[in-house]
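Secondary and tertiary structure notes
What follows is the residue order along each chain.
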Amino acid sequence: YPVIVEATSGPSGSPTLAGYNTMKEAYDAINAGIHQGVVVVKVYANTTETGTATLNNSGVGSASYTSVTIQAIAGVTISGSASPVMILGQEAVNP
């Protein structure tokens, strides 16, 4: 997998280490609460995002983390046709 997520905790039975094909898949897993606590996202290969990768703030929905660090290997690119490609720290919107 080009994207690996490591976390210090997760709900019972959830992996604290998992691989994903895109940043969107990784962010969706973090937003779903699968990876919790201190989260490190490592990008080992280029990814092409087909939709906007949105990382919710901790406490929004099931997202529950202390910190999220993104580490990319030199020369790796994250690209895509969505605009924007990534959103970090999306807050809940009250109607």
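A brief structural summary. Here the structure is a predicted model, which is why all the values come from computation and not from measurement.

Rules used in this analysis
- Residues numbered from 1 in each chain as written.
- Predicted model: local features only at pLDDT ≥ 70, side-chain atom pairs only at ≥ 80, totals over all residues.
- Heavy atoms only, no water.
- Pairing = 2+ DSSP bridges.
- Helix = DSSP H or I, 4+ residues; strand = E, 2+ residues; numbered from the N terminus.
- Axes fitted to C-alpha atoms, helices over the stretch in contact; angles between N-to-C directions.
- Buried < 20%, exposed > 50% of the residue type's maximum accessible area, 1.4 Å probe, protein only.
- Core = buried A, V, L, I, M, F, W, Y, C linked by side-chain atoms within 4.5 Å.
- Contact = heavy atoms within 4.5 Å.
- Polar contact = N/O pair within 3.5 Å; in protein donor to acceptor, adjacent residues only side chain to side chain.
- Salt bridge = Lys/Arg side-chain N within 4 Å of Asp/Glu carboxyl O.

1. Concerning the sheet that holds strand β3 (residues 36-43)
- The 4 strands are arranged β2-β1-β3-β6 in an open sheet whose pairing can be described as mixed. The strands lining the two open edges of the sheet, one partner per strand, are β2 (17-20) and β6 (65-72). When the angles between neighbouring strand axes are averaged without regard to direction, this sheet yields 15 degrees.
- Where strand β1 (residues 3-9) meets β3, 6 bridges bridge the pair, whose relative direction is antiparallel. Residue Ile-4 lies in a different strand from β3, and its bridge partner there is Lys-42.

2. Focus: helix α1 (residues 23-31)
- Residues Met-23, Ala-26, Tyr-27, Ala-29, Ile-30 and Asn-31 constitute the buried set of α1.
- Following α1 by one or two positions, Gly-33 adopts a phi angle in the positive range, close to 85 degrees.

3. What to know about the nonpolar core
- Among the nonpolar cores identified, the biggest contains 17 residues, and Tyr-20, Met-23, Ile-30, Val-39 and Val-41 are the most heavily contacted of them.
- Broken down by secondary-structure element, the contributors of at least two residues to this core are β1, β2, α1, β3 and β5 (53-56).
- Those residues in contact with Ile-30 that lie beyond four places of it in its chain are His-35, Val-39, Val-41, Leu-55, Ala-63 and Tyr-65.

4. Let's talk about the side chain of Gln-36
- Looking at the element boundaries, Gln-36 is found in strand β3.
- At 2.9 Å, the side chain of Gln-36 forms a polar contact with the backbone oxygen of Gly-33.
- Gln-36 has contacts with Ala-7, Thr-8, Ser-9, Gly-10, Pro-11 and Ser-64, leaving out every residue within four places of it along the chain.

5. Quick notes on the pattern of salt bridges
- Applying the stated rule across the entire model yields 2 salt bridges.
- For Lys-42, the salt bridge identified is with Glu-6, shortest N-O distance 3.0 Å. With Lys-42 in strand β3 and Glu-6 in strand β1, this residue pair connects regions lying 36 residues apart in the sequence.
- A relative accessible area of 21% means that Lys-42 is categorised as partly exposed.
- We classify Glu-6 as partly exposed; its relative accessible area is 32%.
- Among the salt bridges present, the one from Asp-28 reaches Lys-24, with a minimum N-O distance of 3.0 Å. In this pair, Asp-28 and Lys-24 both sit in helix α1, 4 residues apart, roughly one turn of the helix.
- Since its relative accessible area comes to 36%, Asp-28 is described here as partly exposed.

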